[in-house]
Amino acid sequence: MDHYLIQGGNPLHGEVEISGAKNAAVAIIPAAILCHGVCRIENLPEISDTDTLLHILTCMGARVRTLDRGTVEIDAADVRLDPLPDEMFEMTRRIRASYYLIGSMLGRFGAARSTMPGGCNFGERPIDQHVKGFTALGAQVEVGSGFITARASSGRLRGSHIYLDKVSVGATINIMIAAATAEGLTVIENVAREPHIVDLANFLNSMGADVRGAGTDVIKIRGVSSLHGGTYALIPDQIEAGTYMAAVAAAGGAVKLTNVIPKHLDCISAKLREMGVEVTEFGDSVLVRREGALRNTNIKTLPYPGFPTDMQPQAGAVLCCANGISSLTEGVWDNRFKYIAELRKMGAVVDVNGRTAVIQGVPRLTGAKVRAHDLRAGAAMVIAGLAAEGVTEIEDVRFIERGYQDLVGKLRALGADIRCVDVPEEETDPAGINAG
Ligand code: EPU
């Protein structure tokens, strides 16, 4: 079992290259099965979620070739719906984005079968809006015994008008993928506007689809009979970039982040500036510097262009290091504060009331043994560990590795004292410190 050990207190200095966007990659890989021709995807992050999805595609009969770091070719000519091996369903159960296979199988075959998706646990994660979309496109959808099956009554989906009752990234993506090869026009209203929604639209269009309006709250898709192959480079990861910005804010120092789109970081940069962090934008890089004390602020997460929920735990760790009282409100998920209990082990003073955490900054966090409850909670632990006095040991780092390419290597190159150690399973949490 891998753990991270961090000796806190080193400011960060230097340059870090941001990888391709995880949440774009996990949508675009499944969408590649719509293409009759080879899809070359560049700037793909090397993380376990993308490895899992590529493996799932090979289980379906796709040929996947890794060309060099960050570039793969997917040839989905021989992809099939039946038979699908049990091994594939073990993987689809583990990750959230596996539900995009429903949209892509429906688009390719007019039928789909997969498991209910896994992913980070922050309360209920319904899929009613996905089902609403597929149903409107003419599919009969059944959810039961851990599986989702769907079948287009007429063999091919038909364009439709869909209003999402909730702004959902996943439902927007799934319906876009399914509608790309449906017959006729699909209009989706009240859609999510995250950068990876635009990236998916650009990918689909570069493969021959006709998707308009991504980035606004109405998307129009004129279905085409099939997509062709091509080459597409993913956008940089907004949340990975934000995580390094937060790390500099908490630990101090000056770091240049390269391969970023500064516009996507506006909401994060604005909050960090309020806290006294300098953020200077260049064409495709930002310089983040923090020398003086951090000021308190209030943050509420919202769908894009609001402050991202996927930066909420990292922001929580930074606010623990600021002077005064801050408030942090979660506007997307019901239960995304589990990591607060871990921060308290490091001396954080936080009261959680419903969806709001009130954080009293402390002069210094102290190292402790903590757990990564999920991907971003784990990132928050790393940030707290970098800023803390003493040694922090983080368990369950496999969650972190689902979404951050070489976090340890990139932080070490910036001067952090962090390493990954293999701890035999029986030695993990010997006193049951983190049980339950
Ligand atoms: N919702 C519904 N019904 C649905 C779908 C969503 O009520 O059918 C609700 C959810 O319960 C939630 C809200 O709508 O309250 C937003 O959920 P959304 O569908 O936008 O989330 P998601 O697609 O399941 C993606 C990211 C998450 C990120 C959210 C919000 C992927 C694979 N996951 O999840 O990313 O938190 O959007 O931005 O893209 C992460 O990267 O750490 C992560 C968890």
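**A short note on the confidence of the model for the protein**
Now for step 1: On average, the protein scores 95 in pLDDT, and the residues at 70 or more come to 97%.
Now for step 2: Contacts of residues 429-436 to residues separated by more than four positions or lying in other chains number twelve contacts, the stretch itself having pLDDT below 50.

**Concerning the site of the ligand**
Now for step 1: The environment of the ligand is formed by 26 residues, the closest being Q129, S168, V169, D310 and V332.
Now for step 2: Within the backbone of V169, a nitrogen or oxygen atom sits 2.7 Å from an oxygen atom of the ligand.
Now for step 3: Residue D310 places a side-chain N or O atom 2.6 Å away from an oxygen atom belonging to the ligand.
Now for step 4: When contributions to the shell around the ligand are tallied by element, the ones reaching two or more residues are α1 (22-31), α5 (128-136), α6 (169-179) and α12 (375-387).
Now for step 5: When grouped by side-chain class, the residues that make up the shell around the ligand number eleven nonpolar, six polar and nine charged.

**So, helix α9 (residues 266-274)**
In an α-helix, one turn spans 3.6 residues, which is why side chains three or four residues apart end up on the same side.
Now for step 1: Listed in full, the buried residues belonging to α9 are C267, I268, S269, K271 and L272.
Now for step 2: Contact partners of the buried residues in α9: α8 (238-251), β15 (278-281) and β17 (298-300).
Now for step 3: Among the residues trailing α9, G276 stands out with phi positive, at a value near 95 degrees.

**Examining the nonpolar core**
Now for step 1: Ranked by size, the top nonpolar core spans 76 residues in total, and within it L12, L257, V382, I394 and L411 carry the most contacts.
Now for step 2: Setting aside chain neighbours within four positions, we find L411 in contact with L12, Y244, V382, L386, A416 and I418.
Now for step 3: In terms of nonpolar packing, the next biggest core, distinct from the first, is built from 73 residues, A27, I41, L84 and I148 among them.

**Regarding the pattern of salt bridges**
Now for step 1: On inspection of all chains with the given rule, the structure shows 21 salt bridges.
Now for step 2: Put simply, R273 and E281 hold a salt bridge, and the shortest N to O gap is 3.8 Å.
Now for step 3: Among the ionic pairs, E395 bridges to R371, the shortest N-O distance being 3.6 Å. Note that E395 is positioned in strand β22 (residues 391-395) and R371 in strand β21 (residues 369-371), a separation of 24 residues in sequence. Comparing E395 with R371 shows no difference in burial state: the two are buried.

**Quick look at the sheet that holds strand β6 (residues 111-115)**
Working definition: the strands of a sheet are paired by backbone hydrogen bonds and lie parallel or antiparallel to each other.
Now for step 1: Across the sheet, which stays open at both edges, the three strands sit in the order β6-β8-β7 with antiparallel pairing between neighbours. Of all the strands in the sheet, the pair left with one neighbour each is β6 and β7 (139-144). Across this sheet, the average inter-strand angle for adjacent strands is 10 degrees, counted without regard to direction.
Now for step 2: Pairing between β7 and strand β8 (residues 147-152): six bridges, direction antiparallel. Bridge pairing in β8 places G144 opposite F147.

**Quick word on helix α2 (residues 48-59)**
Now for step 1: Over its twelve residues, α2 runs 16 Å from end to end, which matches the ideal 16 Å to within 8%, given 1.5 Å per residue.
Now for step 2: Within α2, the full set of buried residues consists of D49, T50, T52, L53, L54, I56, L57 and C59.
Now for step 3: Within two residues after α2, G61 carries a phi angle of roughly 110 degrees, on the positive side.

Conventions and cut-offs
Residues numbered from 1 in each chain as written. Predicted model: local features only at pLDDT ≥ 70, side-chain atom pairs only at ≥ 80, totals over all residues. Heavy atoms only, no water. pLDDT = per-residue confidence, 0-100. Contact = heavy atoms within 4.5 Å. Near = heavy atom within 4 Å. Polar contact = N/O pair within 3.5 Å; in protein donor to acceptor, adjacent residues only side chain to side chain. Helix = DSSP H or I, 4+ residues; strand = E, 2+ residues; numbered from the N terminus. Nonpolar A, V, L, I, M, F, W, Y, C, P; charged D, E, K, R; others polar. Buried < 20%, exposed > 50% of the residue type's maximum accessible area, 1.4 Å probe, protein only. Core = buried A, V, L, I, M, F, W, Y, C linked by side-chain atoms within 4.5 Å. Salt bridge = Lys/Arg side-chain N within 4 Å of Asp/Glu carboxyl O. Pairing = 2+ DSSP bridges. Axes fitted to C-alpha atoms, helices over the stretch in contact; angles between N-to-C directions. Expected span 1.5 Å × (residues − 1).

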